[in-house]
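So you can see what is in the structure, the chains are spelled out below.
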Amino acid sequence: MKSFRLSLLLLTACTVVLTLKAEDGSRLWLQPYPQGLEYISRVNYEDGRSIADRELRCFHPGTEVQLIIDSAVQHDEGYIIRGDTIRARTERGLLYGAYAMLRGEQGASQPFFSRRILNHWDNLDGSVERGYAGRSIFWPTFDPQHIRAYARANASIGINGTVLNNVNASPQVLSCKRLEQVKLVADILRPYGIQVYLSVNFASPMGLGGLKTADPLNPKVRRWWKRKVREVYQLIPDFGGFLVKANSEGQPGPGDYGRSHADGANMLADALRPYGGIVMWRSFVYGANHKGEDRVKQAVSEFQPCDGLFRENVILQSKNGPLDFQPREPYAPIFDVVRRTPQMVELQITQEYLGQSRHLVYLAPMWEEFFTFVAPERLKAIAGVANIGSDTNWCGHPFSQANWYAFGRLAWNPTLTSEAIAREWLVATFDARLSEGKDAHKSWGNALLDVMLRSREACVDYMMPLGLHHIFKFDHHYGPEPDGFIPTYPLEWCPVYYHKADKDGIGFDRTHTGSNAVSQYREPYCTLYDNPATCPENLLLWFHHLPWNYRMASGRTLWEEMQRHYDHGVDEVKDFCRVWEGCRPYVDDERWRAVDERLRHQLDNACEWRDVCLGYFGSLQEAESN
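Rules of the game
- Once a new chain begins, its residue numbering starts again from 1 and follows that chain's sequence as written.
- Confidence filtering applies because this is a predicted model: local features only for residues at pLDDT of at least 70, side-chain atom pairs given and counted only at 80 or more, and all residues used for totals across whole chains, interfaces and linings.
- Water and hydrogen atoms were dropped before computing side-chain values, which therefore reflect all heavy atoms in the structure.
- Each reported salt bridge corresponds to a side-chain nitrogen of Lys or Arg within 4 Å of a carboxyl oxygen of Asp or Glu.
- Numbering goes from the N terminus for both helices and strands, where a helix is a DSSP run of H or I of at least four residues and a strand is a run of E of at least two.
- Three exposure classes are used, based on accessible area relative to the maximum for each residue type with a 1.4 Å probe and protein chains only: buried under 20%, partly exposed in between, and exposed over 50%.
- Paired strands are those between which DSSP finds at least two bridges.
- Here the axes come from fitting lines to C-alpha atoms, over the contacting stretch only for helices, and the angles between their N-to-C directions go from 0 to 180 degrees.
- Ring pairs shown here join Phe, Tyr and Trp side chains whose ring centres sit within 6.5 Å, with only the six-membered ring taken for Trp; geometry is labelled stacked below 30 degrees between planes, edge-to-face above 60, and tilted in between.
- In this scheme, Lys NZ or Arg CZ marks a charge over a ring once it lies within 6 Å of the ring centre and within 35 degrees of the ring normal.
- Note on patches: the residues involved have over 30% relative accessible area and no salt bridge, like charges join within 9 Å, and the nonpolar side chains Val, Leu, Ile, Met, Phe, Trp and Tyr join within 5 Å.
- Reported accessibility uses the Shrake-Rupley method at a 1.4 Å probe radius. Residues are deemed covered only where the shown protein chains occlude them.
- Here the positive residues are Lys and Arg and the negative ones are Asp and Glu; neither His nor the chain ends is included.
- By convention, charge coordinates are those of NZ in Lys, CZ in Arg, CG in Asp, or CD in Glu.
- Each helix should span, by expectation, one fewer than its residue count multiplied by 1.5 Å.
- Fitting axes to the seven residues ending at a residue and to the seven starting there, one defines the bend at that residue as the angle between these axes.
- Put simply, angles under 35 degrees are roughly parallel, angles over 145 are roughly antiparallel, angles from 65 to 115 are roughly perpendicular, and the rest are oblique.
- Rotating anticlockwise by less than a right angle from the far helix to the near helix defines a left-handed crossing, while the corresponding clockwise rotation defines a right-handed one.
- Here, two residues are considered to be in contact whenever any of their heavy atoms come within 4.5 Å of each other.
- Just so you know the grouping, Ala, Val, Leu, Ile, Met, Phe, Trp, Tyr, Cys and Pro go in nonpolar, Asp, Glu, Lys and Arg go in charged, and all remaining residues, Gly too, go in polar.

A. View of the pattern of salt bridges. Enumeration over the complete set of coordinates arrives at 43 salt bridges. Between Lys-228 and Glu-231 there is a salt bridge, with the nearest N and O atoms lying 3.1 Å from each other. With Lys-228 and Glu-231 both in helix α7 (residues 219–235), this residue pair falls 3 residues apart, about one helical turn. On the accessibility criterion, Lys-228 (9% relative accessible area) is buried.

Put into structure tokens, the structure is as follows:
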């Protein structure tokens, strides 16, 4: 690590000479090429080896690195680094090895997940659903240099796939005009080892093909999909496959025709199978066939009957929790009950429910927590909903870049710790000086690392502690609205549905005497979650409706403990502001000001969350006291 820090210091000094642009966050965790992005667009087509050689010649200090194709390396994407030699089975392995060497790695490494995919929720008009960093970089047009920079960033952390459009897909993405555009993007991404995927609208045969039905068992519909898939592969021979959101939140699907999810997924899988393509079928469904059932149970209710009926090239894609990317929720029990269908986890990199691009919230601890409940060995692949847009710094908040980086590193190696990844990112993104100091415990670098590691828990505390969930303002999911209720909305969209607070207490009863959501979990969690005395307190109100004077492990009442958590969350953000102030000598002015402004805004938001939630819940608690 010391030699890596030294090389970063040397590179930082060189960068001052090589670039005239201020440090605006556009380079991410990478060093800028000499002469900017134009440097990487001089060759019309490159392979992984040539890119690896270029990276090392630009940025690796010392002797020339030898790149050797070696069939003895076991994995197609793996590599072995010994001194100044990188051995790999393929050019892609050499590329990954080059970036690993620049991180200071030595030894052998190979990816844990074979498919490590970003999901972009980009619309064809250029808007981005749940995007907080500007417009789409893909639609309606794109800048080739920007896409190359995107490809380079992804390759540097081992991401090998990208879904270019929103899961709420328009049929037009499969039009001839749009497919030609997808081909151009795929041609740029290919040398960096990245496959292209598309989200598809299940009713595309109707919206694009002029058919009167999208019934997956209809022969005309099946023929349409086969023709369309053949057209795609003629343009993009290494196309990865389709991502599908069906019969969820108004999207069309096989349920519209009385067919199962397996019927719909298998139709697409049959069309893709001759070309090696896959179907990623999302389990995020609710309100379609199980109205009135606890929303967090519906994915299991919908997909357990289909388990074992899907084709081999179908992967069931499920969010890490059973609800919807909350600051904290238990792991999704679908990973327990679905055993005969390949599964992949969907993580959200963009912070839809965690302050969006305005709050500093490092998400690796959340994902690390997930993997303590769902072993990576149970999963076939991993996806992350991207936080990337056209903003100069790609992600809106300079520290939101860390979540993109952390996703890639955990997708490659899910045993990496949040701390190791955060330290790696800080050194690469800011300055090696952030990790130095005579007294490491007092250095600002370690203080900033500590902020990152505390930030997710702080967010939980000032938003929804003790298992509270989904009490955000409607639609945009930014800010608190615990009293939210709109009669014309589905009840499961309303915050009051999730906390069920009244004068008698607070929380959602999911025990065996309530909705019985606990029954979907394997032991020991089913029993642990069912009993308030053994349920982890950070999930207590997720599974239990308890009186305000319920006695917590601390000896405080539930109401007192809730107040303590909200106050602690605010105090944490105050401390983050203090630490960042101390980082000023170590960080360039532009990024320092950008983070400082956002931290102060985050503090205002944290105070709002605390005051609104305690004010509302306090009024109910006082009613009980009276």
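B. Spatial organisation of the sheet that holds strand β4 (residues 107–109). Here 4 strands make up an open sheet; going across it, the order is β1-β3-β2-β4 and the pairing mixed. Strands with a single pairing partner mark the edges of an open sheet, and in this sheet they are β1 (66–69) and β4. In this sheet, adjacent strand axes meet at a mean angle of 15° when their direction is disregarded.

C. Seen up close, the packing of aromatic side chains. If you walk through the whole model with that rule in mind, you get 41 aromatic pairs. Both rings, one in Phe-284 and one in Tyr-286, keep their centres 5.6 Å apart while their planes meet at 70°; by these two values the pair is edge-to-face. Here Tyr-286 falls in the buried class, since its relative accessible area comes to 8%. Counting every residue linked through ring pairs, the aromatic cluster contains Trp-29, Phe-138, Tyr-150, Trp-394, Trp-404 and Tyr-405. Of note, Lys-319 hangs over the ring of Phe-284, and the distance from its end group to the ring centre comes to 3.4 Å. Arg-510 extends its terminal NZ or CZ atom over the ring of Trp-542, reaching a point 5.0 Å from the ring centre.

D. Representation of a positive patch on the surface in the model. Together, Lys-212, Lys-220, Arg-223, Arg-227 and Arg-230 give the surface a local cluster of positive charge. By the secondary structure assignment, Lys-212 is in the loop between α6 (204–207) and α7. Relative accessible area serves as the criterion here: at 82%, Lys-212 is assigned to the exposed category.

E. Focus on helix α14 (residues 444–463). Taking 1.5 Å of rise per residue, the 20 residues of α14 would be expected to cover 28 Å, and the 27 Å separating its terminal C-alpha atoms lies within 8% of that figure. Along its length, α14 reaches its greatest deviation from straightness, about 40°, at Ser-455. The buried fraction of α14 is high, at 15 of 20 residues.

F. The packing of helix α4 (residues 144–156) against helix α5 (residues 176–189), seen in detail. In contact at an axis separation of 9 Å, α4 and α5 are set at 50° when each is read in the N-to-C sense. Between α4 and α5, the crossing angle belongs to the class labelled oblique. Seen along the crossing, α4 lies across α5 with a hand that is right-handed. Residues Pro-144, Ile-147, Arg-148, Tyr-150 and Ala-151 of α4 lie in contact with α5, whose contacting residues are Val-185, Ile-188 and Leu-189. Counted by class, the contact of α4 with α5 contains 7 nonpolar, no polar and 1 charged residues.

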